[in-house]
Structure formats: structure tokens, C-alpha cells
Amino acid sequence: MPCIVRCFAVAFLPFCFSHRAADQSCLPDAKAVRAAPSLLAVSQHLQRKGAVGNQSKEAAVAPNDDLAQTLEDALSWEIKQIEKSMGEKGDEKPSKVMGVALNGKDDLRMLRGAVIIGFAGVALLFIVFCLMRKFAPWVYLREEDMELEPLGDGTASPATAPRFFANPHVTLLDWTRKVRQTTPEDEMAAAGLDGWAFLEFRRLIWRIFSVIGAMLAVVLLPMHYQAHKDSQMLDILSIFDIGRDPLPDWMLWVHAVMVWFVVGASSWTISMAQEHFTERRYQWLKEIPFPRANTVLVRNIPAMYRSDAALLQYFTNVFNDKDAVERAYVVRRTGQLPRQVKNLKAAKLEVLHAKQHWEEAGSEEETPEWFYLQRCQKRVKTITEEVAAAQGRLKDAAARGDPLVCTSTGFVTFNTELTARLASREQYTRDVTDFQISMPPDPEDVIYDNLADQEINSTGWNWAGVAAIWGVFTIWIPFVVLISSWTTFGAVQEMLPSLKEFVQQHPWLDKILTGVFATIALKVVLAFLPTALYLIIRNLMSVKSSSEAQILMQRWYGLFLVMFVLLVTSLSRGVTLTLVSIAQKPGRIFSLLADFLPSASHFYFNYMILGWTVPLLELARNANFAKFHAFRWFFSMSMQEAKEYSEPEDPASYGVGARMAYSLLTAAITFTFCSCSPLIFIFAFITLALSQATYTYLVVYAEKKKPDTGGLLWVHGINQLFMVITIYILLMTGVLQMLSQNRRWLGPPLVALASVVALYAGKVRVDSLAFDVLPLEEVVRTSRESGEKAKHPHGRYLQPECDPDLLALS
């Protein structure tokens, strides 16, 4: 229920607010300001350009060919009404309303407050986790790492005997020793290639910052201090920043050289990491278990082959070998059968609990417990008969190739990996859209409902999902403006008069908590976002597996975080208007980045510091802890059942896709400010150290192993890292142009921009390392040695509701 409420808040409230903003005449002046934050952003942009108030003069001088001028003409009346209602606050900047404060004299005091809160939060959560793990270790260890012991005298049946986890011998700090001793091989074995790739991605960021951080600190910090030491207007933090005043040419040249160093060192480190990943990927491809290793996913099957027998016969004829194909399975449309199967599983679980209560009561007949058990067993028998009848009808329809049941998607399992590899590389008919072959997801990770859709429907749903995500992107700034305006420290004081009175008695608290509240507000609002994006991806986009959903989460959530956390000061006009403006005049991108980002570096100091508690909150596993004990005490489940039902964690907020996106944000903030404010490295290293320790324990020792994409998350993460470095180059080009004498482009700005060539060379080197498939000679060798894998298959490609084993009574 909380997830539904959060999703509603994120997905629907912004639409309501944007709708209210469109009708200014129906709102009082005070409400009009909050109802149209996007117009306020446009107003502020026009004021910076001197457009508002000089409309008639500018119209006489230049034609109305600029996007901002066009917006001014279209929205002038609404803007004037809003400005009248704002009164003296008409000069308040959108970035300030959104909580992204620019650097100022009180930043050091705010930083101290953030550090105190950050360290206190980390210490408190660390102690809480150690105590919870000590006295309730079942939530923080994997099931295979604990022993199950039966309760009672052993007379109860093994299937229904109450069982509990033996209390493992854990100490308060033994988990830290495990984390230190964890090897990459341990990560691969416990979490798969995706788990290793996630942890390695964070280690890659650490290695990059270790190389460039030391150099930038040694070179730029003394130089910034030399440039600003005589300034009476700057605090100690700003003295070590690049500043906004023009710098001597030699300092600009030093910065240009440092840009090249950052780009070159980062590209080289990424290339080396990609080579290491490729080796891991090849090893993973060799060890893929059957039947995934020798199966292909087939889309757009022609109508005449849409049955198991017809599909099997077709591929047998193509390869001219009756032993080439082991099995073929066409995905079915199963109607109400999944709901019936769900009811059957619930009824079976109810029988187990009823039998457990009956045995605990003495196993006597003609008792209330006995009658309740009889009713539960009768219900299971009834539902079993219904499921059996539905499965029989479905089986007969699939054998006939009924178009209402059989879809255009199927799985073909071959006898060898080599045959599957050859089958995946061929064009089967003159129509290139027929028999589209790809690597299948893990058998336990397939979303069969999405595979049952026709290809054209899948494409349509994918576009609908992209449109929905773009809608979230478009309305996010007005939404954050609205929410942040209600969650500032001043607004909180207005809601809590006693707090306001206390702050008036202690004025120093106001300066400390103002910046802290602004940062916390942005983090709280962003906490609702992953659930909304995940629901859009799962319900609108036609993803064929949950691991593919995590890839899309990484892509969209990472892009979202970079745009609306890091680049929010440059998007005051909204995403669409900013992109159109850049498309009209591409040179604007340099000024958009350089005008505000360097002046907001101290806000991101606080943002990163308050992010120290995020991995510790995940380490506490509050949701899993609550669910485990709720199932134990309110539903009378055994420990094993409670452990099973309390896992896994929320895939939206705690999935590997969202975690990779958050790792990207840490890298993006640090890269962006590494030259402008090298002090950012201090907070980045603390963030990476805390998160690496906590995520290592979670991924390797606490959480269940997830279905594996084979490192595709790593590939997308590397591409996003190159995007972040590109933003850094564009930012530094604009900053050097802004700080040069007469804002000239020749010299340091152009040299810094030329580092794109080095970045492109690094990207080409990374892309040249093939990783998607094994070389054919290794496939042949692996196919010859696959006898052991064939003896231990992992799952099968069969819709769960079609499994006849469901009818077996326990």
C-alpha cells in the first residue's frame, strides 16, 4: 500500500498541478504563484535576458525569431499577473525555490551542520544494524547460510513440521571482516556477473578519482587559493573554488591542461576496466547453465508454425537433423489460469498452516482445528480440479495451434550450444521480420505475459512507456518547485510555531538548517521517483524479463538523476524548452552550464554528505525486517516461510538498476565539480567507501541472488560514464570562456573542448572490445565439454501456470 500511495503522489499529482497552472483566471493571486511554477521559471529567464519590461524596445530593434521572445509574447499577461502576486519576492530565482542554493558566506556553517547530521546518521544506523543483525540474524543472512532445525518430537510429517533457523553464531562486527575478505570470485559466485559488475563499477569510479583527485588537489587548490586569497567577500570554501572573477591567462591554461588530464586518465582507466570485464563476460558465457545456454528466443513466428510440434518440426527440417532440436515451446495466452493457480497456491499454504495448528492441538478428530483442516483440504481439491480442467483445455488448444491461444513467440531448445549459436545467426525466410532470434532470459525471470503480445503491440506499448517517462521528465521541475516551496525550513517553521519560536531564540540554527532542509527535501522527493519509473517500465513497456526492466531503470533513472539533481540549475525553463533552445543555438549549452553550476558546488557538498546515510538505510533492511516479523507473528508462518515471503527487497528502489543509477549520480557530481571545486573529492571518497562496504555485504551475504543479464548493466553504466565526462568537458569549456579576458574562445576554452577527441578515442577503444557473444572457436570447445552442464539444468522454459506439477498435492 505505501508503494501505491507513493506512486500516486509521483505520477498523478504533477498532472493535477500542471492542469491548475493552465487556468490562472480561476485561482486567487496567492495560489497562482504555486500553481504555475513553470511560468515563474520562464519569467526568471526572461528577466536575466532583460526581456521583461523592455518588450516594446526590443520588438522595434530585432525580429521575433528567438524562442525566448516568442514565449514572452505568448505568456506576457500570465507572467505579469504572477509577478504582481509575488510582490517583493519577484526576484526569487527558481533554483532557490527548488532548494539548490548558490554559494554564499554561510556555506561553511551549513557544511558543518550537514557533516554533523551525516556522521550522526551513519553512526546511529551502524549501531542499529549491528544490533539488529546480532539479535535477528535471519533477515541479514542468506537462507543457504543458515541451518534449518525441526521443532517438536519429530512425529509430525516433514512437510508440515514447524521449522526454525538455527541461530547462527554472529557477533556485532564480524560482517566487517567478511567484507574485507570478499574476493571478486566470491562476488561472482554469490551474486552473478551483474552483482560483480555493480561492485566493480563503484571500484572503477574509486580508481578514476584516486588518479585524478590527487593531481587536481595538488595543482588546482593552491592555484585557486592564490587567485582568491585577497578577496574579502569569499569564505574559506569559496577561496578554494574556481570563482566567477576573470583569471590570469596562465591559470586558464593550467585548467585546460587539467581537463585533458582528467579525460585522458579516465578514458584509459575505463578501457582497462572494460578489458577486465570482457574476460569475466566470456567466462560467464561459458558457464551459462542449461537450458539457457542451448536455447534461443524466437519472435514473429509465422502463423503456420505457431504450435510446439510445428515449430519443432520446422527447425528439425532446417538443420536436416532429427537430433538437432530437443524441445520447442510456443508461449500461450492463458486467460484466467494464472489467477486460478495463484488461488491454488494460497489454498495449499492454508492447508499447511491448518495442519500445523491441528498437530499442535493434539491431532484429535472432531475438533475445531480438524474441521477447519477438512474445509481447507476440500477447497484445495476443488481448485485443483478447476486448474486441471483449464490446463487440459489449454493443452488441446495449443496442440491444434489455436490462434486464440498460441502466440508468435516461442523458445527452441537445441541439443548443443553450437547448434543454438548457429541458429541465432541466420535469416530463415525472405521476410527479415520472420523468426527473429535472440538470447533468452533466465527461465525463472521470463515475463510471459509480455511475450504473449504481438510484436506490433509490444512496439506500441514501448512507445507509450517512453511517452509516459518523457511526461514525467517534462513536469518534474514544476512538481519539485511546488513541493520544495512547501518543505523549506521557513515553511516548516510556519507550520510549527513552536519550532519558529525556538529558532528565533537560537538564530544560528536557522542558517545551519536552511541548507540542510533544502537538501533533504530534494532527496525525499527523489525517493518517490524509482517506484513511478519502475511501474511505468513494468506495466507499459513490453519487457521480457525483470532483469531487462532493471536495465531500463538504470538507463532512465540515471538520466533523470543527472538532469534533475545535477543539471537542475540549467533547466529552469523546463526540459523541452531548454532542448529546443539548444537546438536553435547549440552554443548556448556552454553558457547554460557555466552560468550556474560552478556557483552551486557547496550545495552538492551537502547533498553528497547527507547521502552517506542512504547505503546504511539499505543495510538495515527495514522493509524486509518488518515483513519477516509480520509474517512470523501475524500470519503464524514458520521461519522458513517468513524468510521466503519477506524476500526480495523492493526492485524499484533497491534493484541493481536503481543502484547503478545512484552510483552514476555520485560520479557525475564529482566529475562536474572536480576542477571547479576540488574539495568535492573528500566527500566523494567517504561516500564511495561507505557504500562499497555496505553494498558488498548486501549483495554477497544478505540478499538473494538475482537473475543475471550477463553484465549488460556494466555496459550501459560505462556509456553513461562517457556521457558524464562529456558534460564535464562542456562545462569546463564554458567556464574557461566565461573567466577569460573579454570572454574569448581562442586559447584555453578551445583547447579544453578539443579533449573531446581523446574521449572519443577512449570510447572507440571500449566499443571495439567485443563482449556480446563468445568467439566461435570457444563455442565449439564449450559445446564439447557441456556434458556436466546438461546433467544439472537450471529451470525450464514453461509458463508456471501450465506446469502439471502444480496439481500434485503436498
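The structure under discussion appears in the preceding block.
Residues numbered from 1 in each chain as written. Predicted model: local features only at pLDDT ≥ 70, side-chain atom pairs only at ≥ 80, totals over all residues. Heavy atoms only, no water.

**Considerations on the pairing of strand E5 (residues 406-414)**
Counting buried positions along E5 gives 9 out of 9 residues, so the element sits mostly inside the fold. Taken together, the 6 bridges between strand E4 (residues 325-332) and E5 define a ladder with antiparallel strand orientation. Residue pairing across strands places Val-330 opposite Gly-410, the latter belonging to E5. (Buried < 20%, exposed > 50% of the residue type's maximum accessible area, 1.4 Å probe, protein only. Helix = DSSP H or I, 4+ residues; strand = E, 2+ residues; numbered from the N terminus. Pairing = 2+ DSSP bridges.)

**Concerning helix H22 (residues 529-539)**
Of all 11 residues making up H22, 8 are buried, and the element is well covered by its neighbours. Three or more residues of H22 are buried, namely Leu-529, Pro-530, Thr-531, Ala-532, Leu-533, Tyr-534, Ile-536 and Ile-537.

**Here we look at unusual backbone geometry**
Going from Phe-290 to Pro-291, the amide bond is cis rather than trans, its omega being 5°. Residue placement: Pro-291 occurs in the loop between helix H12 (249-286) and strand E3 (295-299). The omega torsion of the bond from Glu-647 to Pro-648 falls at -5°, within 30 degrees of zero and hence cis. Secondary-structure assignment places Pro-648 in the loop between helix H29 (639-645) and helix H30 (656-673). Here the phi dihedral of Asn-320 falls at roughly 50°; this positive angle occurs in a residue that is not glycine. Assignment of secondary structure puts Asn-320 in the loop between helix H13 (308-319) and E4. Even without being glycine, Arg-621 reaches a positive phi, approximately 50°. With respect to the helices, strands and loops of the structure, Arg-621 is situated in the loop between helix H27 (613-620) and helix H28 (622-633).

**Points about the sheet that holds E3**
Read from one edge to the other, the open sheet built from 4 strands follows the order E4-E5-E3-E6, with strand pairing classed as antiparallel. Two strands lie at the open edges of the sheet, namely E4 and strand E6 (436-438), each paired on one side alone. In this sheet, adjacent strand axes meet at a mean angle of 25° when their direction is disregarded. Sheet contacts for H13: E3, E4, E5 and E6; angle to E4, the most-contacted strand, approximately 140°. (Axes fitted to C-alpha atoms, helices over the stretch in contact; angles between N-to-C directions. Contact = heavy atoms within 4.5 Å.)

**Section: the side chain of Gln-720**
Along the chain, Gln-720 falls in helix H32 (residues 712-739). On the accessibility criterion, Gln-720 (10% relative accessible area) is buried. Separated by 3.4 Å, the side chain of Gln-720 and the backbone oxygen of Arg-555 make a polar contact. In this structure, Gln-720 is in contact with Gln-554, Arg-555, Gly-558, Leu-559 and Leu-664, ignoring residues within four places of it in sequence. (Polar contact = N/O pair within 3.5 Å; in protein donor to acceptor, adjacent residues only side chain to side chain.)

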